[in-house]
Amino acid sequence: MSTNTAEAGEGESVRAVQRAVAILKAFTSERPRLTVVELQRLTGISRPTLYRLLQTLISSGLVQASGEPQRFGLGPAVMSLAHVWTSEIDVAAIARPVLERLRDVTGETAALFILRGDKRLCILEMPSRQVLNITRGVGETEHISRGASGKAILAHVMEDDAMAQSIWRSLPAEVNRAKLTADLQRCREEGMAISLGEVFRGAVAIAAPFFGAGQQVAGSVGLFGPEARIDPAQARHFGQLAIEAANEITVALGGVPPALKAR
């Protein structure tokens with residue numbers, strides 16, 4: 001085989017890979033299922049080539065087909081790859097500079113929480129530099145129904161998920177379920193949770209959720225300070241800053257912030 005022939009073959013292989021990637025990237029959270037016509041319009045690939053590439057992607061599990069007329073979507077192999085990628089991500093390392101900026105801008109303690117069973121777990125904390133401050137401590141846990149940092153997560157756990165059902169069964173007896181339901185609805189609408197004295201008397205807590213690559217809620221960004229220093233208007237301002245920080249972490253994890261998903 002001549003050098004020119006070999007190079008031509010390699011060039012065709014590279015183009016095939018580029019086209020296959022273009023097909024995979026055509027699927028988004030806004031358009032998870034696409035017809036051949038839609039894929040052709042989005043990728044510019046000719047129909048015969050598109051069909052050949054789709055069959056290869058289907059056989060590898062990266063794409064799946066269903067329905068009549070036939071529509072295509074990402075296959076289970078994509079989730080397997082996403083799991084490998086996300087398992088290598090150190091969430092705390094990604095969030096550290098974000099939380100440091102949040103702490104410095106607000107002057108209050110910033111912390112990162114993740115879901116563990118029916119509890120939220122603090123995995124990173126940047127304590128306020130002020131003499132009077134509120135801290136939780138890395139490793140501190142609390143039932144997810146108590147406090148802003150837990151509610152910000154719980155508000156986005158899918159209602160039909162087995163995890164959600166387990167959490168609701170484990171609610172402490174003193175929890176007012178009607179009030180909790182209202183708090184979670186408000187959190188979904190506003191993108192933040194604010195609580196006063198639910199875990200520490202005299203403490204104001206503000207939190208916003210962040211999401212992973214699979215669009216599931218992954219945890220929350222929290223801010224804590226004394227009621228004497230954070231009035232309601234300040235709390236809402238801090239809430240917007242927490243949302244921005246949580247969105248930054250979401251993007252770094254390969255997720256899509258709620259405001260962008262709604263567009």
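An account of the accompanying structure is given in this report. Since the model is a prediction, treat every value here as computed from it, not as a measurement.

### Description of the overall build of the chain
Consideration 1: What the chain contains, in helices and strands, is 10 helices and eight strands.
Consideration 2: Considering the chain as a whole, with its 263 residues, one finds that 40% of them fall into the buried category.
Consideration 3: Put simply, of all contacts in the chain between residues at least 6 apart along the chain, 57% involve residues at least 24 apart.

### A word on unusual backbone geometry
Consideration 1: Omega for the bond connecting Glu-68 with Pro-69 falls within 30 degrees of zero, at 10°, which places this linkage in the cis form.
Consideration 2: Residue placement: Pro-69 occurs in the loop between strand E1 (63-66) and strand E2 (71-74).

### Remarks on the nonpolar core
Consideration 1: Core analysis: the biggest nonpolar cluster contains 27 residues, and Leu-99, Leu-102, Leu-112, Phe-210, Val-221, Leu-223 and Ile-249 have the highest contact counts within it.
Consideration 2: Among the secondary structure elements, those contributing two or more residues to this core are helix H5 (91-106), strand E3 (109-116), strand E4 (119-126), strand E7 (203-211), strand E8 (217-226) and helix H9 (232-252).
Consideration 3: Here the element with the most residues in this core is H9; it accounts for eight residues.
Consideration 4: Apart from the residues lying within four places of it in its own chain, the contact partners of Leu-99 are Ala-110, Ala-111, Leu-112, Leu-124, Met-126, Val-221 and Ile-249.
Consideration 5: Membership of the second largest hydrophobic core comes to 26 residues, among which are Cys-122, Ile-134, Ile-153 and Leu-171.

### Some thoughts on empty space enclosed by the protein
Consideration 1: For the coordinates displayed, the defined rule picks out one cavity of 30 Å³ or more.
Consideration 2: The space that makes up the largest cavity amounts to roughly 80 Å³.
Consideration 3: For the lining of the largest cavity, the secondary-structure elements that each account for two or more residues are strand E6 (193-196) and E7.
Consideration 4: The element best represented in the lining of the largest cavity is E7, accounting for three residues.
Consideration 5: Across the lining of the largest cavity, the residue classes tally to eight nonpolar, three polar and two charged.

### Details of the packing of aromatic side chains
Consideration 1: Taken as a whole, this structure holds one aromatic pair when the rule is applied.
Consideration 2: Relative to Phe-224, the ring of Phe-113 has its centre 5.9 Å away and its plane inclined at 85°; by these criteria the two rings are edge-to-face. Here Phe-113, found in strand E3, pairs with Phe-224, found in strand E8; they are 111 residues apart in sequence, far enough to count as distant. Exposure class is identical for Phe-113 and Phe-224. Each is buried.

### Focus on the sheet that holds E8
Consideration 1: Strand order in the open sheet formed by six strands is E5-E4-E3-E8-E7-E6, and the pairing between neighbours is antiparallel. Only two strands of the sheet have a single partner each, and these edge strands are strand E5 (141-143) and E6. Across this sheet, the average inter-strand angle for adjacent strands is 30°, counted without regard to direction.
Consideration 2: Here E6 runs beside E7; their pairing, made up of four bridges, is antiparallel. Opposite Ala-193, over in E7, you have Ala-207 as the bridge partner.

### Observations concerning the pattern of salt bridges
Consideration 1: A full pass over the atoms with the stated rule returns 13 salt bridges.
Consideration 2: For Arg-71, the salt bridge is made with Glu-38, and the minimal N-O distance between the two is 3.3 Å. In this pair, Arg-71 is assigned in strand E2 and Glu-38 in helix H2 (residues 36-43), connecting sequence segments 33 residues apart.
Consideration 3: The class of Arg-71 is partly exposed, set by a relative accessible area of 31%.
Consideration 4: When the shortest N-O distance is used, the salt bridge between Asp-104 and Arg-103 registers 2.7 Å.
Consideration 5: Using a relative accessible area of 47% as the deciding quantity, one classes Asp-104 as partly exposed.

### What to know about the side chain of Glu-125
Consideration 1: Within the fold, Glu-125 resides in strand E4.
Consideration 2: There is a polar contact of 3.0 Å between the side chain of Glu-125 and the backbone nitrogen of Gly-137.
Consideration 3: When neighbours within four sequence positions are excluded, Glu-125 is seen to be in contact with Thr-109, Ala-110, Ala-111, Thr-135, Arg-136, Gly-137 and Val-138.

### Concerning the environment of Arg-116
Consideration 1: As for its placement among the helices and strands, Arg-116 is situated in strand E3.
Consideration 2: Residue Arg-116 is classed as exposed on the basis of its relative accessible area of 52%.

### Section: the pairing of E8
Consideration 1: Burial analysis of E8 places nine of its 10 residues in the buried class, the great majority of the element.
Consideration 2: For E3 and E8, the ladder comprises six bridges, and the chain directions are antiparallel. From the neighbouring strand, Leu-112 faces E8, where its bridge partner is Val-221.
Consideration 3: As defined by bridge partners, E7 adjoins E8 across nine bridges and the pair is classed as antiparallel. Paired with Phe-211 across the strands is Val-217, a residue of E8.
Consideration 4: With antiparallel pairing between neighbouring strands as the criterion, E7 and E8 make up a hairpin whose turn holds five residues, including Gln-215 at a positive phi of roughly 70°.

Definitions and cut-offs
Residues numbered from 1 in each chain as written. Predicted model: local features only at pLDDT ≥ 70, side-chain atom pairs only at ≥ 80, totals over all residues. Heavy atoms only, no water. Helix = DSSP H or I, 4+ residues; strand = E, 2+ residues; numbered from the N terminus. Buried < 20%, exposed > 50% of the residue type's maximum accessible area, 1.4 Å probe, protein only. Contact = heavy atoms within 4.5 Å. Core = buried A, V, L, I, M, F, W, Y, C linked by side-chain atoms within 4.5 Å. 1 Å grid on protein atoms, 1.4 Å probe; cavity = no way out; pocket = protein on both sides within 12 Å on 5 of 7 lines; lining within 4 Å. Points joined across faces, edges and corners; volume = space filled by probe spheres on them. Nonpolar A, V, L, I, M, F, W, Y, C, P; charged D, E, K, R; others polar. Phe/Tyr/Trp six-rings, centres within 6.5 Å; stacked < 30°, edge-to-face > 60°. Pairing = 2+ DSSP bridges. Axes fitted to C-alpha atoms, helices over the stretch in contact; angles between N-to-C directions. Salt bridge = Lys/Arg side-chain N within 4 Å of Asp/Glu carboxyl O. Polar contact = N/O pair within 3.5 Å; in protein donor to acceptor, adjacent residues only side chain to side chain.

Keep in mind these numbers describe shape, not what the thing actually does.
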